[in-house]
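Spelled out from the first residue to the last, the chains are:
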Amino acid sequence: EADIYQTPRYLVIGTGKKITLECSQTMGHDKMYWYQQDPGMELHLIHYSYGVNSTEKGDLSSESTVSRIRTEHFPLTLESARPSHTSQYLCASSEDRSSYNEQFFGPGTRLTVL
Amino acid sequence: ILNVEQSPQSLHVQEGDSTNFTCSFPSSNFYALHWYRWETAKSPEALFVMTLNGDEKKKGRISATLNTKEGYSYLYIKGSQPEDSATYLCAFSRSQGNLIFGKGTKLSVKP
């Protein structure tokens with residue numbers, strides 16, 4: 001069973017607020033990822049990290065930012081939330097030399113911006 | 001543009017029915033094909049990682065096949081049970097790149 005955690009699971013917040021979505025894993029994985037998913041759509045990669053102090057933008061442009069100060073922690077921040085940010089955000093991790101980039105997922109955060 | 005297509009979008013079957021879904025992906029520079037099972041309010045769970053043309057993998061009543069030359073994979077569920085109800089995601093990668101996901105097939109199994 002994968003040990004990757006996300007908090008909060010659900011968040012309803014007003015426009016303009018700063019929010020941070022937390023993601024932690026206890027598997028010692030170097031690579032971590034953030035995906036965004038709108039209803040009925042694909043998971044789209046928005047950020048990833050190869051390890052501490054590494055962050056890269058994914059295939060889908062996002063106004064969010066990420067940081068990787070510790071191996072186990074990969075938080076995602078929105079400085080000023082807008083209704084267009086309403087979506088589900090999933091965090092994942094994989095070993096650097098994993099079995100073909102097999103990823104382990106957290107349960108997701110469902111964000112609603114009013 | 002890399003696209004992964006999954007069909008059907010949704011499927012409703014009776015308990016005991018066998019079913020299958022399709023995942024289509026670009027066949028050039030293939031590296032790996034992943035199947036995930038995602039139950040509502042839970043984390044997506046890896047089912048299979050497939051890498052070689054002609055691969056067949058099995059886990060209990062679920063099996064998958066891979067054709068890298070024509071760019072498709074099939075997922076089969078034999079004797080569907082209500083606990084098989086979930087969204088089944090397919091993801092493809094090229095040359096150790098990041099995963100590209102399809103929209104998934106949502107399976108509902110009625111008792």
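Here's a quick rundown of the structure. Here the structure is a predicted model, which is why all the values come from computation and not from measurement.

## Examining the overall build of chain A
Across its full length, chain A holds zero helices and 11 strands. Each helix (α) and strand (β) of chain A, taken in turn from the N terminus, gives the series β-β-β-β-β-β-β-β-β-β-β. Its C-alpha radius of gyration of 13 Å places chain A within 12% of the 13 Å reference for a compact globule of 114 residues. In chain A, the proportion of contacts linking residues at least 24 apart, taken out of those at least 6 apart, comes to 54%. With an accessible surface of roughly 5600 Å², chain A has 49% of that area assigned to carbon and sulfur atoms. Chain A carries 10 positive and 14 negative side-chain charges, and their two centres are separated by 7 Å.

## Quick notes on the sheet that holds strand β3 (residues 19-25) of chain A
All names here are of chain A. The strand order β1-β3-β8-β7 describes an open sheet built from four strands, whose pairing is antiparallel. At either margin of the open sheet sits one strand with a lone partner, and together these are β1 (4-7) and β7 (65-66). The pairing of β3 with strand β8 (residues 76-78) spans three bridges and is antiparallel. For Thr20, the partnering residue across the bridge sits in β8 and is Thr77.

## Concerning the interface of chain A and chain B
Each partner contributes residues to the interface: chain A has 22 residues there, and chain B has 20 residues. Of the roughly 1700 Å² buried at the junction of chain A and chain B (both faces included), carbon and sulfur atoms supply 58%. Looking only at chain A, the three residues that lose the most surface to chain B are Glu42(A), Tyr100(A) and Phe105(A), adding up to 33% of its buried area. Summed over the shared surface of chain A and chain B, the number is five residue pairs in polar contact (both at pLDDT 80 or more). Secondary structure elements with two or more residues in the side of chain A that touches chain B: β4 (31-37), β5 (44-49) and β9 (87-94) of chain A. Considering each element in turn, the side of chain A that touches chain B owes the most residues, three residues, to β4(A). Taken together, the residues that form the side of chain A that touches chain B break down as 11 nonpolar, seven polar and four charged.

## Section: the sheet that holds strand β8 (residues 72-77) of chain B
Two modes of strand pairing occur in sheets, parallel and antiparallel, and in both the strands are linked by backbone hydrogen bonds. Residue and element names in this part refer to chain B. As summarised here, the arrangement of the five strands in space is β1-β3-β8-β7-β6, forming an open sheet in which the pairing is antiparallel. The open sheet terminates on both sides in strands that have one partner only, identified here as β1 (5-7) and β6 (56-59). Direction aside, the axes of adjacent strands within the sheet are offset by 15° on average. Pairing analysis gives six bridges linking strand β7 (residues 62-67) to β8, with the strands arranged antiparallel. Within β8, the position partnered with Leu66 by the bridge is Ser73.

## With respect to the layout of surface pockets
One number sums up the size of the largest pocket: a volume of about 590 Å³. Looking at the largest pocket, it is lined by 25 residues, and the ones nearest its centre are Gln37(A), Arg110(A), Trp38(B), Thr87(B) and Lys106(B). Elements that contribute at least two residues to the lining of the largest pocket include exactly β9 (86-94) and β11 (105-110) of chain B. By residue class, the composition of the lining of the largest pocket is eight nonpolar, 10 polar and seven charged.

Reading the values: rules and limits
- Residues numbered from 1 in each chain as written.
- Chains lettered and ligands numbered in written order.
- Predicted model: local features only at pLDDT ≥ 70, side-chain atom pairs only at ≥ 80, totals over all residues.
- Heavy atoms only, no water.
- Helix = DSSP H or I, 4+ residues; strand = E, 2+ residues; numbered from the N terminus.
- Rg over C-alpha atoms; globule rule 2.2 N^0.38 Å.
- Contact = heavy atoms within 4.5 Å.
- Areas by Shrake-Rupley, 256 points an atom, 1.4 Å probe, with all protein chains shown as cover.
- Lys, Arg positive; Asp, Glu negative; His and termini not counted.
- Charge placed at Lys NZ, Arg CZ, Asp CG, Glu CD.
- Pairing = 2+ DSSP bridges.
- Buried area = accessible area lost by both parts, 1.4 Å probe.
- Polar contact = N/O pair within 3.5 Å; in protein donor to acceptor, adjacent residues only side chain to side chain.
- Nonpolar A, V, L, I, M, F, W, Y, C, P; charged D, E, K, R; others polar.
- Axes fitted to C-alpha atoms, helices over the stretch in contact; angles between N-to-C directions.
- 1 Å grid on protein atoms, 1.4 Å probe; cavity = no way out; pocket = protein on both sides within 12 Å on 5 of 7 lines; lining within 4 Å.
- Points joined across faces, edges and corners; volume = space filled by probe spheres on them.

Shape descriptors only; they carry no functional weight alone.
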